[in-house]
Amino acid sequence: MQFSTLAVWGGQDPDPQTGAVISPIYPTSTYARADLDEHRTFEYSRTGNPNRAALEKCLAMLEHGSQAFLFASGVAATHAALSLLKPGDHIISPDDIYGGTFRLLDQVLATAGIGISYVDASDLQEVAAAFRPTTRMVWLETPTNPLLKIFDIAALAELSHRKGALLAVDNTFATPYFQNPLDLGADIVVHSTTKYINGHSDVIGGCVIIAKEEHAGAMRFQQNALGAVPSPFDVWLTQRGLKTLPLRMQQHEKNAVAVADFLNSHPRCESVFFPGLKTHKNHEVACRQMSGFGGMVSFRIAGGREEVNQFVRKLSLFSLADSLGGVESLVNYSTLMTHGSFPQALKDKIGITSNLVRLSVGIEDIEDLLYDLRQALA
Ligand SMILES: *Cc1c(COP(=O)(O)O)cnc(C)c1O
């Protein structure tokens, strides 16, 4: 079956008891058994419940994985994937990663005795040189936040495997609609389902999808033993959002292309970051490994903090907020907001400057979005 069909139907048989086409929400903590000998599929809702099982099945299909595991947030999902590392192990990661992932590596894993090397993952030789005998995982996020860098998943998967390490990819920005890292050789995919997968800015959630069964036990243990699992209601909402992912992504991308073109020719924009632009540094890799460029566009406005502040005050459709991937357009000031916790030296190195603006382009009418941007830049 094709993607759009799976997004609507994958893992979602009509309710066996009533025939309800949309599965009911199961707000129960526990499940009754007839006697000591009866074992049910679901026994206690932290361990598993019908809503979670249905969405996990659907996401595993969409990412071409063997199994999926839902968590209470993208950060909890990231932590679960990183739990495959034990004290003494080593991980390689770009320094250009989601702020919460950086915090996990820097303040949780590092204190748990795990070695970390930060690299520029667009330089394969630099990545190769960072391997140690204890390297067990390479972490990747592509496209990156907020500069939309693209890393070569297939090349990094090949390198990781040759060195005996796993490759994990945070696929939040591209979504499985535009990019399937497991098909390119990655072993693990992580999503913040808070973003495009749910798509309506009303749930926090995360997911791990694994290529091989051998990691299923560890992920199930994380769900059950650490307990950072989503509620049946949150899962149900996410499943409803996921059904329209293909339609939303098409519209996000169409609008983002138009916004990137508009900004690219605007005299007040110094530079525009969008993987769909031919001038983008990694455009060729993006064309190879993605079937679309997504809905995120970043740019540098002529000036600094004051000019950005004037711009966001004038905007009426784009709301100034953290997060991304919802149907509504948002504007973000990375240096203060999503990347506020980054040390200044790291911000300087990555290029998170005081005039950098990130847009999550929504699915509104493009004429209204361009009108808003034009008047705010005037
Ligand atoms: C938001 C985000 C996360 C963290 O997800 P939460 O649901 O906020 O915990 C991880 N990675 C990326 C790329 C994100 O954008």
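Residues numbered from 1 in each chain as written. Predicted model: local features only at pLDDT ≥ 70, side-chain atom pairs only at ≥ 80, totals over all residues. Heavy atoms only, no water.

## Concerning the overall build of the protein chain
Here is step 1 of the chain: When you go through the protein chain residue by residue, the secondary structure sums to 14 helices and 12 strands.
Here is step 2 of the chain: Taken against the 2.2 N^0.38 rule, which gives 21 Å for 378 residues, the C-alpha radius of gyration of the protein chain at 21 Å falls within 12% of a compact globule.
Here is step 3 of the chain: Out of the 378 residues in the protein chain, the part that is buried amounts to 56%.
Here is step 4 of the chain: Within the protein chain, residue pairs in contact and separated by at least 24 positions form 72% of the contacts whose partners lie at least 6 positions apart.
Here is step 5 of the chain: In the form shown here, the protein chain has an accessible surface area of approximately 15,800 Å², with 55% of it arising from carbon and sulfur atoms.
Here is step 6 of the chain: Between the mean site of the 31 positive side-chain charges and the mean site of the 39 negative ones, the protein chain shows a separation of 3 Å. (Helix = DSSP H or I, 4+ residues; strand = E, 2+ residues; numbered from the N terminus. Rg over C-alpha atoms; globule rule 2.2 N^0.38 Å. Buried < 20%, exposed > 50% of the residue type's maximum accessible area, 1.4 Å probe, protein only. Contact = heavy atoms within 4.5 Å. Areas by Shrake-Rupley, 256 points an atom, 1.4 Å probe, with all protein chains shown as cover. Lys, Arg positive; Asp, Glu negative; His and termini not counted. Charge placed at Lys NZ, Arg CZ, Asp CG, Glu CD.)

## A few points about the domain arrangement of the protein chain
Here is step 1 of the chain: Segmentation of the protein chain into domains returns domain 1 (3-242) and domain 2 (245-377).
Here is step 2 of the chain: Computed from C-alpha coordinates alone, the two centres of domain 1 and domain 2 are separated by 26 Å.
Here is step 3 of the chain: Interface area, domain 1 with domain 2, both sides summed: about 3,400 Å², of which 61% is carbon and sulfur.
Here is step 4 of the chain: Put simply, domain 1 and domain 2 have 2 salt bridges between them.
Here is step 5 of the chain: Residues Asp-152 and Arg-288 are paired through a salt bridge, measuring 3.3 Å at the closest nitrogen-oxygen approach. (Domains from an automatic or database assignment. Buried area = accessible area lost by both parts, 1.4 Å probe. Salt bridge = Lys/Arg side-chain N within 4 Å of Asp/Glu carboxyl O.)

## Concerning the environment of His-79
Here is step 1 of the chain: Topologically, His-79 is positioned in helix H3 (residues 74-82).
Here is step 2 of the chain: It is 14 Å that separates the C-alpha atoms of His-79 and Asn-224, two residues lying 145 residues apart in sequence.
Here is step 3 of the chain: If we ignore the near neighbours within four places in the chain, the residues touching His-79 are Leu-104, Val-108, Gln-222 and Leu-226.

## Looking at the pattern of salt bridges
Here is step 1 of the chain: For the structure shown, the criterion picks out 10 salt bridges.
Here is step 2 of the chain: Lys-212 serves as the salt-bridge partner of Asp-187, at 3.0 Å between the closest nitrogen and oxygen. Within this pair, whereas Asp-187 is found in the loop between helix H7 (175-178) and strand E6 (188-192), its partner Lys-212 is found in the loop between strand E7 (206-210) and helix H8 (216-226), the two being separated by 25 residues in sequence.
Here is step 3 of the chain: The class for Lys-212 is partly exposed, based on a relative accessible area of 38%.

## Observations regarding the packing of aromatic side chains
Here is step 1 of the chain: Within the structure shown, the criterion is met by 7 aromatic pairs.
Here is step 2 of the chain: Plain terms: the ring middles of Phe-3 and Tyr-177 are 5.2 Å apart, the flat faces sit at 65 degrees to each other, and that makes the pair edge-to-face. Here Phe-3 is found in helix H1 (residues 3-9), whereas its partner Tyr-177 is found in helix H7, with 174 residues between them in sequence.
Here is step 3 of the chain: Residue Phe-3 is classed as buried on the basis of its relative accessible area of 17%.
Here is step 4 of the chain: Between Phe-274 and Phe-293 the ring centres are 6.3 Å apart and the planes differ by 70 degrees, which places this aromatic pair in the edge-to-face class. In this pair, Phe-274 is assigned in the loop between strand E8 (269-273) and helix H11 (283-289) and Phe-293 in the loop between H11 and strand E9 (296-301), connecting sequence segments 19 residues apart. (Phe/Tyr/Trp six-rings, centres within 6.5 Å; stacked < 30°, edge-to-face > 60°.)

## A short note on unusual backbone geometry
Here is step 1 of the chain: Pro-143 follows Thr-142 through a cis peptide bond whose omega is -5 degrees.
Here is step 2 of the chain: Structurally, Pro-143 is set in the loop between strand E4 (135-141) and helix H6 (153-162).
Here is step 3 of the chain: Pro-146 follows Asn-145 through a cis peptide bond whose omega is 5 degrees.
Here is step 4 of the chain: Along the polypeptide, Pro-146 turns up in the loop between E4 and H6.
Here is step 5 of the chain: A positive phi angle is found at Thr-175, which is not glycine, with a value near 65 degrees.
Here is step 6 of the chain: Summarising the element assignment, Thr-175 is placed in helix H7.
Here is step 7 of the chain: Not every positive phi belongs to a glycine, and Ser-323 is a case in point at roughly 75 degrees.
Here is step 8 of the chain: With respect to the helices and strands, Ser-323 occurs in the loop between strand E10 (319-320) and strand E11 (330-332).

## As for the nonpolar core
Here is step 1 of the chain: Membership of the largest hydrophobic core comes to 76 residues, with the highest contact counts inside it found for Leu-263, Phe-299, Phe-311 and Leu-359.
Here is step 2 of the chain: A per-element tally of this core places helix H10 (residues 245-264) first, with 7 residues.
Here is step 3 of the chain: Excluding residues within four positions of it along the chain, Phe-311 makes contact with Phe-299, Ile-301, Val-331, Val-357, Leu-373, Ala-376 and Leu-377.
Here is step 4 of the chain: Judged by nonpolar contacts, the second largest core, of 34 residues, contains Phe-69, Phe-102, Leu-166 and Val-190. (Core = buried A, V, L, I, M, F, W, Y, C linked by side-chain atoms within 4.5 Å.)

## Brief notes about the side chain of Asp-187
Here is step 1 of the chain: On the accessibility criterion, Asp-187 (2% relative accessible area) is buried.
Here is step 2 of the chain: At 2.8 Å, the side chain of Asp-187 forms a polar contact with the backbone nitrogen of Leu-167.
Here is step 3 of the chain: Not counting chain neighbours up to four residues away, the residues in contact with Asp-187 comprise His-161, Ala-165, Leu-166, Leu-167, Leu-182, Ile-209, Ile-210, Ala-211 and Lys-212. (Polar contact = N/O pair within 3.5 Å; in protein donor to acceptor, adjacent residues only side chain to side chain.)

## As for the site of the ligand
Here is step 1 of the chain: Residues in close proximity to the ligand total 13 residues, the closest being Val-75, Asp-170, Ser-192, Thr-194 and Lys-195.
Here is step 2 of the chain: Within the contact set of the ligand, an oxygen atom lies 2.9 Å away from a backbone nitrogen or oxygen of Val-75.
Here is step 3 of the chain: One of the side-chain nitrogen or oxygen atoms of Asp-170 is found 2.7 Å away from a nitrogen atom of the ligand.
Here is step 4 of the chain: For the shell around the ligand, a count of residues per class yields 4 nonpolar, 6 polar and 3 charged. (Near = heavy atom within 4 Å. Nonpolar A, V, L, I, M, F, W, Y, C, P; charged D, E, K, R; others polar.)

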